Amino acid sequence: MSEKRPLSSYVINKSALKRIAFIYIPLYAAFWMTFFIIGEITQKHEDALVMTQDFKHQIPIAYNDRYNVEFMGLEKYHPFDSVKYRRVFNALGLPEEKILHAGEPDRSILLLAQTPAYLESLNSSWTLARITELGFLRFFPSNVTRNALLEPMMYQVGGSLLAASAALDRGWAINLGGGFHHASADSGNGFCTYADISLIVKYLRQQEKIKRAMIIDLDAHQGNGYQRDFLGDKDVFIVDMYNREIFPHDGKAKAAIAVKVELPAYTSDTAYLPDEQQALKTAFEKFKPDILIYNAGTDVLDGDPLGSLRVSEKGIIRRDEMVFQAAFDHHVPIVMLFGGGYQKSDAPVIAKSILNLKKKFSLW
Ligand SMILES: [Zn+2]
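Reading the values: rules and limits
Residues numbered from 1 in each chain as written. Predicted model: local features only at pLDDT ≥ 70, side-chain atom pairs only at ≥ 80, totals over all residues. Helix = DSSP H or I, 4+ residues; strand = E, 2+ residues; numbered from the N terminus. Rg over C-alpha atoms; globule rule 2.2 N^0.38 Å. Buried ≥ 20, exposed ≤ 12 C-beta atoms within 10 Å, placed from the backbone. Arc of directions from axis to C-beta. Domains from an automatic or database assignment. Contact = placed C-beta atoms within 7 Å. Nonpolar A, V, L, I, M, F, W, Y, C, P; charged D, E, K, R; others polar. Pairing = 2+ DSSP bridges. Axes fitted to C-alpha atoms, helices over the stretch in contact; angles between N-to-C directions. Parallel < 35°, antiparallel > 145°, perpendicular 65-115°, else oblique. Left-handed = near helix turned anticlockwise from the far one by under 90°. Core = buried A, V, L, I, M, F, W, Y, C linked by C-beta atoms within 7 Å.

This part takes up the overall build of the chain. When helices and strands are tallied, the chain shows 13 helices and eight strands. Over its C-alpha atoms the chain spans a radius of gyration of 23 Å, differing by no more than 12% from the 21 Å that the globule rule assigns to 364 residues. Summarising its shape, the C-alpha atoms of the chain cover approximately 90 × 45 × 35 Å along the three principal directions. Scored against the burial criterion, the 364 residues of the chain give a buried share of 44%.

Listed in full, the buried residues belonging to helix α6 (residues 125-132) are Ser125, Thr127, Leu128, Ile131 and Thr132. With its buried residues spanning 155° around the axis, α6 presents them on a single face. In the segment just after α6, glutamate 133 is the residue with positive phi, at about 60°.

For the rest of this paragraph, the subject is the domain arrangement of the chain. Per the domain assignment, the segments of the chain are domain 1 (1-41) and domain 2 (49-361). Across the contact, six residues belong to domain 1 and five residues belong to domain 2. In terms of residue class, the side of domain 1 that touches domain 2 is made up of four nonpolar, one polar and one charged.

The next point concerns the pairing of strand β5 (residues 236-243). Successive residues of a regular strand alternate their side chains across the two faces of the sheet. With eight of eight residues buried, β5 is to be regarded as a mostly interior element. Along β5, one buried face is formed by Val236, Ile238, Asp240 and Tyr242 and the opposite face, lined by Phe237, Val239, Met241 and Asn243, is buried too. Where strand β4 (residues 213-217) meets β5, five bridges bridge the pair, whose relative direction is parallel. Note that in β5 the partner of isoleucine 215 across the bridge is isoleucine 238.

Where helix α2 (residues 14-41) contacts helix α7 (residues 142-170), the axes come no closer than 8 Å and their chain directions differ by 45°. With respect to their mutual orientation, α2 and α7 come out oblique. The way α2 lies across α7 gives a crossing that is left-handed. Residues Phe35, Phe36, Ile38, Gly39 and Glu40 of α2 form the contact with α7, whose participating residues are Asn143, Val144 and Asn147. When its residues are assigned to classes, the contact of α2 with α7 shows four nonpolar, three polar and one charged.

Turning next to the nonpolar core. If you look at soluble globular proteins, the nonpolar side chains tend to sit buried side by side. Membership of the largest hydrophobic core comes to 95 residues, with the highest contact counts inside it found for Ala163, Leu176, Ile215, Ile293, Tyr294, Ile334 and Val335. In terms of residue count, α7 provides more of this core than any other element does, 13 residues in total. Ignoring any residue separated from it by four or fewer positions in sequence, one finds valine 335 in contact with Ala163, Ala164, Ala167, Ala173, Asn175, Ile291, Ile293 and Tyr294.

Sheet strands pair via backbone hydrogen bonds, and the direction of the pair is either parallel or antiparallel. Across the sheet, eight strands lie side by side as β2-β1-β3-β8-β7-β4-β5-β6; this open sheet has parallel pairing. What marks the edges here is a single partner per strand, and that holds for β2 (99-101) and β6 (259-263). Neighbour to neighbour, the strand axes of the sheet diverge by 15° on average, direction disregarded. Here strand β7 (residues 291-295) pairs with strand β8 (residues 334-337) via four bridges, running parallel. What sits directly across from isoleucine 293, in β8, is valine 335. Contacting β1 (59-63), β2, β3 (172-175), β7 and β8, α7 runs over the sheet at an angle of about 165° to β3.

On to unusual backbone geometry. A cis amide bond, omega 10°, links phenylalanine 247 with the succeeding residue proline 248. Residue position: proline 248 is located in the loop between β5 and α10 (251-254). Residue histidine 249 is not a glycine yet carries a positive backbone phi of 50°. Take histidine 249: it is sitting in the loop between β5 and α10. With 12 C-beta atoms packed within 10 Å, histidine 249 lands in the exposed category. Unlike most non-glycine residues, serine 308 shows phi in positive territory, near 50°. Judged by C-beta crowding, with 19 C-beta atoms within 10 Å, serine 308 ranks as partly exposed.

Among the structural elements, histidine 181 can be located in the loop between β3 and α8 (196-206). Spatially, the C-alpha atom of histidine 181 lies 6.1 Å from that of tyrosine 226, the residues being 45 residues apart in sequence. Dropping the residues within four chain positions of it, histidine 181 is found in contact with Cys192, Ile197, Asp217, Asp219, Gly223, Gly225, Tyr226, Asn295 and Gly339.

Here it is as structure tokens:
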């Protein structure tokens, strides 16, 4: 014979409430406090961005070890290579004192490309969890997510600005990071928090160093962030080649693209490289920029789970060479940014490609 339960017991289950009150909440509070304290202890001193570096004598490659995303060693167990920046830097074998030292840009510089409300929203672990699609982050205190994630991205933004300025002096420069092409003035997405590509254009314009910019985006994804920022801007010429079958499918942003190459999934070198050559030719016939910003995402590499394209290692090396060749042929300063691509096999390909550029064009 079953006992009749009062209706209220279905709404408020006392034993469940007790478990929440006496076990789960104290456990979470202890977890949160522990990580908060770890976050405070491991807080690194800010390394501010210095824009007045010796561009003439340094190798115009920007980097800082703080680019790398490390989370108490746990990153080693993640399939994504969050320390690819360090691995590329090491593979290049450059002495640190010979290259450009990237630092964190001031808030006043970031505000050239981001709204104050958006910058404010990044202080929340919940916002960062959404942007990076790493849901677990929302349970951590914001000082931890800031140290582990936001600061590396900020340093990379500093590197993008530094490299872009150096490119105007030297004709070329490379940031060993950056290329956050899904972020725009008031939103972040797809692992991109700061709109560094938009910021380069806005910063150099503010400094009265450029008027017209060309963006060539060869990451596997559509670069919808800066595209939204420059909708209707006739002095920003956008070339975007991407897999049309993957994220972000941003129809509104596509209106900003001047030369659009929408690739089917699994496109390989034989179709990719001629399409790229044609796109470069068309772009330079139509537009003469003061700077070329090249987003060299390696998620086009065969086997990339997000990019779903089949460009080979040789194909990527040739791809990068073709963009540099076009820039040099037209006497346009070029700044190269990393973009996406987080397989463990990406770092060696990027390093090989940069060393190929060095050799081919006697860069340093
Ligand atoms: Zn991508």
